[in-house]
Number of protein chains: 2
Amino acid sequence: MTQELFASYSFLLDRTARKVKHYAQQQFKFGKFDVTVDQWLVLKNLAERPQVSQTELAQLVLKDHPTLTRIIDLLSKKGLVQRVQHPQDRRSFQLHLTAKGENKVAALKPRILEIREKAWENLTESDFHEFKRILNTIYQNLDTNSGV
Amino acid sequence: MTQELFASYSFLLDRTARKVKHYAQQQFKFGKFDVTVDQWLVLKNLAERPQVSQTELAQLVLKDHPTLTRIIDLLSKKGLVQRVQHPQDRRSFQLHLTAKGENKVAALKPRILEIREKAWENLTESDFHEFKRILNTIYQNLDTNSGV
DNA sequence: TACCAATAGTTAGTGTGACAAATATATGAA
DNA sequence: TTCATATATTTGTCACACTAACTATTGGTA
């Protein structure tokens, strides 16, 4: 494959990723979800794994620690998440959803699946698998932590 | 296709786009390119289309006006780009590369193609076309300005 | 001529991302 | 015990995305 051929993939990838995020954010706003897309990602992971530490959560959602700190700050200001001291390790927090947070996740989850579905009009299930395979291959090609 | 199946595409898309950008940015830093990935995108487009206005350029690189304003500010601080008053329309600027900017583009272009190539190891040319097709379909599905 | 909608660009506010450095705490070795 | 090192989190800085509001200018129209 020549260099010229795929010189544009990063542009297409970036613009599509931004479009997806932007579209979701618009829908969130329109539906008065009162969270951002990134805040939702954190909430969803917390719902699935209560009691995780910030470090564990940062790995799950692939955000760095400073970014996660700020997102947790915002979510706890909104009363959706609480930091609780780890019983053994006083450096660490255990994060968990408040009752309000649980309700938020339950209420939003189905609506967000609907929003996500929109992107796949005119595409098949095998397109989806191809897409996933290529994305993951690219990711691994550039991931210096994996394998090499 | 069920909802659950593709619930994760946005996460994969986002993480891959960030990995691609991050990888490029690391290489830029390591090679002392002294520009960010987004600044490079602007420089490259300016090299191909001298004399564009900021509005035209914003459409080419898919950035909004405030973002482009700041990127141009940064590039002109570095002495790579100049704003010149449009001869007829005093609201508008014509952007062009300085000699230093031209040299920068010429020097970096081949090195950046190499960096971009890394992502496509273990993938075929038809993977690339599939990928492009799916990305563009998703983009159009979510683009409220197109068609509908 | 006077008005007014549209256009070009800038500024400000909020949220996020990467990175470096600082703080606090924990842990293992001498 | 004490010191070096590692871990968990926070803070600060710079860059970018998006929205909204603003200035200045242009061009059409009453």
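Residues numbered from 1 in each chain as written. Chains lettered and ligands numbered in written order. Predicted model: local features only at pLDDT ≥ 70, side-chain atom pairs only at ≥ 80, totals over all residues. Heavy atoms only, no water.

## Observations regarding the interface of chain A and chain B
Right, so step 1: Residue-level contacts link 52 residues of chain A with 52 residues of chain B.
Right, so step 2: With both sides pooled, the region where chain A packs onto chain B buries about 5800 Å², and carbon together with sulfur makes up 68% of that total.
Right, so step 3: Counting across the chain A and chain B interface gives four salt bridges.
Right, so step 4: In this structure, D127 of chain B engages R133 of chain A in a salt bridge whose closest nitrogen and oxygen atoms are separated by 2.7 Å.
Right, so step 5: Viewed at the interface, chain B and chain A are joined by 20 residue pairs in polar contact (both at pLDDT 80 or more).
Right, so step 6: Those elements that provide at least two residues to the side of chain A that touches chain B are α1 (9-30), α3 (54-61), α5 (99-117) and α6 (125-142) of chain A.
Right, so step 7: Considering each element in turn, the side of chain A that touches chain B owes the most residues, 16 residues, to α6 of chain A.
Right, so step 8: Residue composition of the side of chain A that touches chain B, by class: 26 nonpolar, 10 polar and 16 charged. (Contact = heavy atoms within 4.5 Å. Buried area = accessible area lost by both parts, 1.4 Å probe. Salt bridge = Lys/Arg side-chain N within 4 Å of Asp/Glu carboxyl O. Polar contact = N/O pair within 3.5 Å; in protein donor to acceptor, adjacent residues only side chain to side chain. Helix = DSSP H or I, 4+ residues; strand = E, 2+ residues; numbered from the N terminus. Nonpolar A, V, L, I, M, F, W, Y, C, P; charged D, E, K, R; others polar.)

## With respect to the protein's contact with DNA strand D
Right, so step 1: Residues in close proximity to DNA strand D total 28 residues, the closest being T55 and R91 of chain A together with T36, K63 and T67 of chain B.
Right, so step 2: Each atom of DNA strand D within 4 Å of the protein belongs either to a base or to sugar and phosphate, the latter forming 67%.
Right, so step 3: In the model, a phosphate oxygen of DNA strand D is placed 2.8 Å from a nitrogen or oxygen of the T69 of chain A side chain.
Right, so step 4: Between DNA strand D and F93 of chain A, the relevant distance is 2.8 Å, taken from a phosphate oxygen to a main-chain nitrogen or oxygen of the residue.
Right, so step 5: Secondary-structure elements contributing two or more residues to the surface near DNA strand D are α1, α3 and α4 (65-77) of chain A together with α2 (37-48) and α4 (65-77) of chain B.
Right, so step 6: Counting residues per element, the surface near DNA strand D draws most heavily on α4 of chain B, which supplies five residues.
Right, so step 7: When the residues that make up the surface near DNA strand D are grouped by side-chain class, the tally is five nonpolar, 11 polar and 12 charged. (Near = heavy atom within 4 Å.)

## What about the packing of aromatic side chains?
Right, so step 1: All told, the structure shown has nine aromatic pairs over all chains when counted by the stated rule.
Right, so step 2: The interplanar angle of 45° and the centroid separation of 5.0 Å between the aromatic rings of F28 of chain A and F33 of chain A together place this pair among those described as tilted.
Right, so step 3: The class of F33 of chain A is buried, set by a relative accessible area of 3%.
Right, so step 4: Ring centres of W120 of chain B and F128 of chain B lie 5.2 Å apart, and the angle between their planes is 80°; this geometry places the pair in the edge-to-face category.
Right, so step 5: Within the aromatic cluster, the residues linked to one another by ring pairs are Y9, W120, F128 and F131 of chain A together with Y9, W120, F128 and F131 of chain B.
Right, so step 6: When the ring centre of Y139 of chain B is taken as reference, the NZ or CZ atom of R15 of chain A above it lies at 3.8 Å.
Right, so step 7: Of note, R83 of chain B hangs over the ring of F93 of chain B, and the distance from its end group to the ring centre comes to 5.7 Å. (Phe/Tyr/Trp six-rings, centres within 6.5 Å; stacked < 30°, edge-to-face > 60°. Buried < 20%, exposed > 50% of the residue type's maximum accessible area, 1.4 Å probe, protein only. Lys NZ or Arg CZ within 6 Å of the ring centre and 35° of its normal.)

Honestly, it's all geometry; don't read function into it.
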